[in-house]
Amino acid sequence: MDQLRWGTPETLRALLCELVSWESTTLSEGECTFPFKVQEKLGELDFFKKNPDNLSLHGVDLGRHFVNALYKHPEAEETIVLISHFDTVQTEEYGDLEVLAFQPEQLTSKLHERKDDLPEEARIDLESGKYLFGRGTMDMKMGLALHMALIEKASMEGWPINLMLVTVPDEEVNSAGMRAAVKELVALRDKYGLTYKMFLNSEPSFSQKPGDERHYIYSGTMGKIMPAALFYGKETHVGEPLKGMTANYMASFLTQLMEWNPSFLESDLSEETPLPVSLQQKDLKLQYSTQTPYRAAALYNVFIMKRSAADIMDIFEQVAEEAATTCNETYKALCRRERIEGVGEVQVLRYEKLLSYAVGKFGEDLVEQIKGEAQAKEDWDEREKSLRIVEKLMIQCQELAPAIVLLFAPPYYPAVNTSDDPQIIASVQLLKETARLFNEEVHQIHYFNGLCDLSYVQYKDESAGWTAFEKNTPVWGDSYSIPFADMLQLQAPVLNVGPFGKDAHQRTERLHIDSAFIQTPFMLERLIRSMVKVPDGELKETP
């Protein structure tokens, strides 16, 4: 049998370093070219030389593609889908070492000359020689390297199961790659007569708190949704402040109630969601002037476990109504004190109500023109476009002001959990037993505490829970959508098993060498073999 290209810790490490060196920061040119390089790399395997149609690229957006590589056994229907992402966050925080951010071996070596500049924990890890530093080493090109090695070994040894590698762009921003891949997963299932047995991601193990050294595996992933608000007041000159109402004044009442609001807290399986916080609050004036800011916006981060978009909008509306009531009472007291009539009461309305009002007033054509103008702004992301659409509609419907318009801004990650699935229960037990062979312990977490592309499979809500998101997301169907109907067809348990690392998205991002190149490969292979009863051979022995 031919020798495996990535079958040893040394060759796997070399593969990781090569993948990391292919810079692929989100929305960069490197993110566009990266999948072509992966396709070329996988195309060197004998299996894909003989079956070139099983290795393909699929368009996403903005010149980006995801890679699909299917190892298909001729007699197997059961398929494990191996999910990863290849985009990374930016590297400015590396300072003068930024040129080495994508060169793990060189960066790790160079950091020994700067070790006194590192935080104490990172310095200790560097001096231990147990970690490899660099952007993307942990999050998450090691996961892709592990999957490539599994595909290679399965194809060379003829494992009687199918492995489908899916590696996508844009996980760090909007998950456009995974949302595009969902439709293809449904199509490939039908084309090849596949039965999806598990969706297996290999995002790294994230600490639960600072200093946490435990290695985790995850049987689900937390969801995230972003309720947002457009505040529209009444403009005036700063010399006549009582003739208007600033949007900033209105916003202060809602943000005060949204920050850390326990109404959004969820708990399940003894785990809790983090409390909500504001991600952005700003007025929408494009330049300085002595006109008061009468349009402002805020984005709020809400984590979810069981709740749907409809549930979150209902709670958000209740909080906004409470904020508006307090705002109105405070403003009325001001008006009495200053002996003025005021500009009216602040009302709360959902985007869907504003949209319906605008269509009734002006017709579909003007509304679509407003949306189209926002979509044409290439320097605006989906969040900015969402807010600006609402802003322009309110400018045309000022009789509704002062008002707080509630909406959703992308992205939306549904929560997924399959902890009670018998296959997951057995898999978690096996992984724990396997880790003990290395004198290590792994611990199960029911909800991955970093957002993950597993959110777009195993979707369960067959009610109208998602329609609240569609109706209240201004960019829905234009620059952002979620394939809910296709997601409902991808019903298989989810599991995340990845290497241990630290400080994702920080300049001290690093990967535990033994975990990445020895322990996790062994655990993943044993897991897959156990699901299809492939004899372990040497895997029965202590590694």
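The structure reproduced in this document is the subject of the present report.

Definitions and cut-offs
- Residues numbered from 1 in each chain as written.
- Predicted model: local features only at pLDDT ≥ 70, side-chain atom pairs only at ≥ 80, totals over all residues.
- Heavy atoms only, no water.
- Helix = DSSP H or I, 4+ residues; strand = E, 2+ residues; numbered from the N terminus.
- Rg over C-alpha atoms; globule rule 2.2 N^0.38 Å.
- Buried < 20%, exposed > 50% of the residue type's maximum accessible area, 1.4 Å probe, protein only.
- Contact = heavy atoms within 4.5 Å.
- Lys, Arg positive; Asp, Glu negative; His and termini not counted.
- Charge placed at Lys NZ, Arg CZ, Asp CG, Glu CD.
- Axes fitted to C-alpha atoms, helices over the stretch in contact; angles between N-to-C directions.
- Parallel < 35°, antiparallel > 145°, perpendicular 65-115°, else oblique.
- Left-handed = near helix turned anticlockwise from the far one by under 90°.
- Nonpolar A, V, L, I, M, F, W, Y, C, P; charged D, E, K, R; others polar.
- Expected span 1.5 Å × (residues − 1).
- Arc of directions from axis to C-beta.
- Pairing = 2+ DSSP bridges.
- Salt bridge = Lys/Arg side-chain N within 4 Å of Asp/Glu carboxyl O.
- Disulfide = S-S within 2.5 Å.
- Phe/Tyr/Trp six-rings, centres within 6.5 Å; stacked < 30°, edge-to-face > 60°.
- Lys NZ or Arg CZ within 6 Å of the ring centre and 35° of its normal.

Before going further, it helps to spend a moment on the overall build of the chain. Scanning the chain for helices and strands turns up 16 helices and 21 strands. Against the compact-globule benchmark of 24 Å for 543 residues, the chain has a radius of gyration of 26 Å, which places it among compact chains. On the principal axes, the C-alpha backbone points of the chain span a range of 90 × 55 × 45 Å. Within the chain, the fraction of its 543 residues that count as buried is 57%. Across the chain, contacts joining residues at least 24 apart in sequence account for 78% of those joining residues at least 6 apart. Positive and negative side-chain charges in the chain, numbering 55 and 85 respectively, have mean positions lying 2 Å apart.

Once that is clear, we can look at the packing of helix α10 (residues 351–362) against helix α12 (residues 382–396). Their axes nearest at 10 Å, the elements α10 and α12 cross at an angle of 45°. On the basis of the axis angle, α10 is oblique to α12. Classified by chirality, the crossing of α12 by α10 is left-handed. Within the contact between the two elements, α10 uses Y351, L354, L355, A358, K361 and F362 and α12 uses I389, V390, L393, M394 and Q396. A class-by-class count of the residues in the contact of α10 with α12 yields 9 nonpolar, 1 polar and 1 charged.

Attention now goes to the environment of M250. Relative to the helices and strands, M250 is located in helix α8 (residues 247–258). Spatially, the C-alpha atoms of M250 and P414 are 30 Å apart, while their sequence positions differ by 164 residues. In this view, M250 contacts F231, Y232, G233, M245, C327, V346, P402, A403 and I404; residues no more than four positions away in its chain are not counted.

Given a rise of 1.5 Å per residue, 12 residues ought to cover 16 Å, and the 16 Å separating the end C-alpha atoms of helix α11 (residues 364–375) matches this to within 8%. Regarding α11, the residues found buried are V367, I370, K371, A374 and Q375. Projected onto a plane normal to the axis of α11, the buried residues spread over an arc of 135° and lie on a single side.

Before going further, it helps to examine the pairing of strand β2 (residues 65–71). Burial runs high along β2: 6 of the 7 residues are buried. As paired elements, strand β1 (residues 55–59) and β2 share 5 bridges and run antiparallel to each other. Looking at the pairing, H58 lines up with F66 of β2. The hairpin formed by β1 and β2 contains 5 residues between the paired strands, and L62 there has a positive phi angle of roughly 50°.

Further remarks concern the sheet that holds strand β20 (residues 501–502). Strand order in the open sheet made by the 3 strands is β4-β21-β20, with antiparallel pairing throughout. Of all strands in the sheet, those bounded by a partner on one side alone are β4 (131–133) and β20. On the sheet, helix α5 (residues 120–128) packs against β4, β20 and β21 (510–512) and is oriented at approximately 115° with respect to β4. Docked against the sheet, helix α6 (residues 137–157) engages β4, β20 and β21, running at close to 50° with respect to β21.

Quick look at the pattern of salt bridges now. Within this structure, the stated rule accounts for 38 salt bridges. A salt bridge links R64 to D61; the shortest N-O distance between them is 2.7 Å. When its relative accessible area of 3% is taken as the criterion, R64 is described as buried. Put simply, K197 and E78 hold a salt bridge, and the shortest N to O gap is 3.5 Å. Of the two residues, K197 is situated in strand β6 (residues 195–201) and E78 in strand β3 (residues 78–85); the sequence distance between them amounts to 119 residues. Owing to a relative accessible area of 15%, K197 belongs among the buried residues under this scheme. Of the residues examined, E78 reaches a relative accessible area of 35% and is grouped as partly exposed. Overlapping salt bridges bring together E121, D125, E213, K502, D503 and R510 as one network.

On to the side chain of R383. Relative to the helices and strands, R383 is located in helix α12. The residues contacting R383, other than those within four sequence positions of it, are V173, N174, M226, L299, A409, P410 and P411.

Here the focus is the state of the cysteines. One pass over the full model with this rule turns up 0 disulfides. No disulfide involves C335; its sulfur sits 10 Å from that of C327, the nearest cysteine. Relative accessible area serves as the criterion here: at 7%, C335 is assigned to the buried category.

Here we come to the packing of aromatic side chains. Considering all chains together, one arrives at 22 aromatic pairs under this definition. Centroid distance F438 to F522: 5.5 Å. Interplanar angle 85°. Geometry classified as edge-to-face. Residue F438 is located in the loop between α13 (422–436) and β18 (442–445), and its partner F522 is located in helix α16 (residues 513–532); the two are separated by 84 residues in the primary sequence. Considered together, F438 and F522 belong to a single accessibility category, that of buried residues. We note K285 situated over the ring of Y288; from NZ or CZ to the ring centre the distance is 6.0 Å.

That's the geometry; what it means functionally is another story.
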